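Each chain, written out:
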Amino acid sequence: MSIVRRAAARLKLMAFDIDGVLTDGCLYYGEDGKEWKAFNTLDGQGLRFLQQAGIELAVITGRTSGAVAARAANLEIRHLLQGVADKRACLVALLDSLNLSPEEAGYMGDDVVDLPVMRLCAFSAAPANAHPLVRKYALLVAKARGGEGAAREVSDFILTAQGKLDSVLKPWLPDEKA
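Residues numbered from 1 in each chain as written. Predicted model: local features only at pLDDT ≥ 70, side-chain atom pairs only at ≥ 80, totals over all residues. Heavy atoms only, no water.

Structural notes on the overall build of the protein chain
Thinking step 1. Helix and strand counts for the protein chain stand at eight helices and eight strands.
Thinking step 2. Taken over the C-alpha trace, the protein chain has a radius of gyration of 16 Å; the compact-globule value for 178 residues is 16 Å, and the two agree within 12%.
Thinking step 3. Projecting the C-alpha coordinates of the protein chain onto the three principal axes gives extents of approximately 55 × 35 × 30 Å.
Thinking step 4. Every one of the 178 residues in the protein chain was classed for burial, and the buried ones make up 47%.
Thinking step 5. Within the protein chain, contacts between residues at least 6 apart in sequence are counted, and of these 55% link residues at least 24 apart.
Thinking step 6. Roughly 9100 Å² of accessible area belongs to the protein chain as shown, and the carbon and sulfur atoms make up 53% of that amount.
Thinking step 7. Charged side chains of the protein chain number 21 positive and 22 negative; the gap between the two group centres comes to 5 Å. (Helix = DSSP H or I, 4+ residues; strand = E, 2+ residues; numbered from the N terminus. Rg over C-alpha atoms; globule rule 2.2 N^0.38 Å. Buried < 20%, exposed > 50% of the residue type's maximum accessible area, 1.4 Å probe, protein only. Contact = heavy atoms within 4.5 Å. Areas by Shrake-Rupley, 256 points an atom, 1.4 Å probe, with all protein chains shown as cover. Lys, Arg positive; Asp, Glu negative; His and termini not counted. Charge placed at Lys NZ, Arg CZ, Asp CG, Glu CD.)

What to know about unusual backbone geometry
Thinking step 1. You will see that Glu 76, though not glycine, has its phi angle at about 55°, which is positive.
Thinking step 2. For Glu 76, a relative accessible area of 60% puts it in the exposed group.
Thinking step 3. In the Ramachandran plot, Asn 99 falls in the positive-phi region, its phi being about 60° despite a non-glycine side chain.
Thinking step 4. Structurally, Asn 99 can be placed in the loop between helix H4 (87–98) and strand E6 (105–108).

Details of helix H7 (residues 150–161)
Thinking step 1. Compared with the 16 Å implied by 1.5 Å per residue over twelve residues, the 17 Å span of H7 between its first and last C-alpha is a close match.
Thinking step 2. Taken across its twelve residues, H7 has nine buried, putting it largely inside the fold.
Thinking step 3. Along H7, the residues that are buried comprise Ala 150, Ala 151, Arg 152, Val 154, Ser 155, Phe 157, Ile 158, Leu 159 and Ala 161.
Thinking step 4. Within two residues after H7, Gly 163 carries a phi angle of roughly 70°, on the positive side. (Expected span 1.5 Å × (residues − 1).)

Points about the nonpolar core
Thinking step 1. Ranked by size, the top nonpolar core spans 35 residues in total, and within it Met 14, Phe 16, Leu 50, Met 108, Phe 123, Val 154 and Ile 158 carry the most contacts.
Thinking step 2. Considering every element that reaches this core, the biggest residue donor is H7, with seven residues.
Thinking step 3. Beyond its immediate stretch of four places on either side in the chain, Val 154 contacts Met 14, Met 108, Phe 123, Ala 125, Leu 140 and Ala 142.
Thinking step 4. Core analysis: the next-biggest nonpolar cluster, separate from the first, contains 21 residues, Val 84, Tyr 107, Met 118 and Leu 120 among them. (Core = buried A, V, L, I, M, F, W, Y, C linked by side-chain atoms within 4.5 Å.)

As structure tokens, then:
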């Protein structure tokens, strides 16, 4: 088993950045100054599958947005940490509160500000369009871009490494008794 698969197989917590990971990284503002974000439904389903498989989810982001709060509520993500200046310290505190170690944690980020938290975790991932340094240090680089299914790709990889993907997908697959 590869180092990447072994790290993914031990995950009990997977944390994600928002802008550039669960969105395309663009910031949209209406004339009224309200911020808009677009989230990919494939990514959302991947996060739901992780939850169904018993993996705790967290969002750790430097920005604060009502759209992010609404999406996290929609996905029933219990650990929404916005406006975080030091993501590494934030994750250390979260791990402590959950009685988990960095070896049981993963983080998906896209920019250099994510590197300290990614390097703390046993498992790290990045979308295809992440900053080159982030791609260099990530254990897994998705083929998809941020906000375009990269988080789903990573979620499926984790579930495969844990031997849980088939059971999570089973309710939607056709019965092969024909």
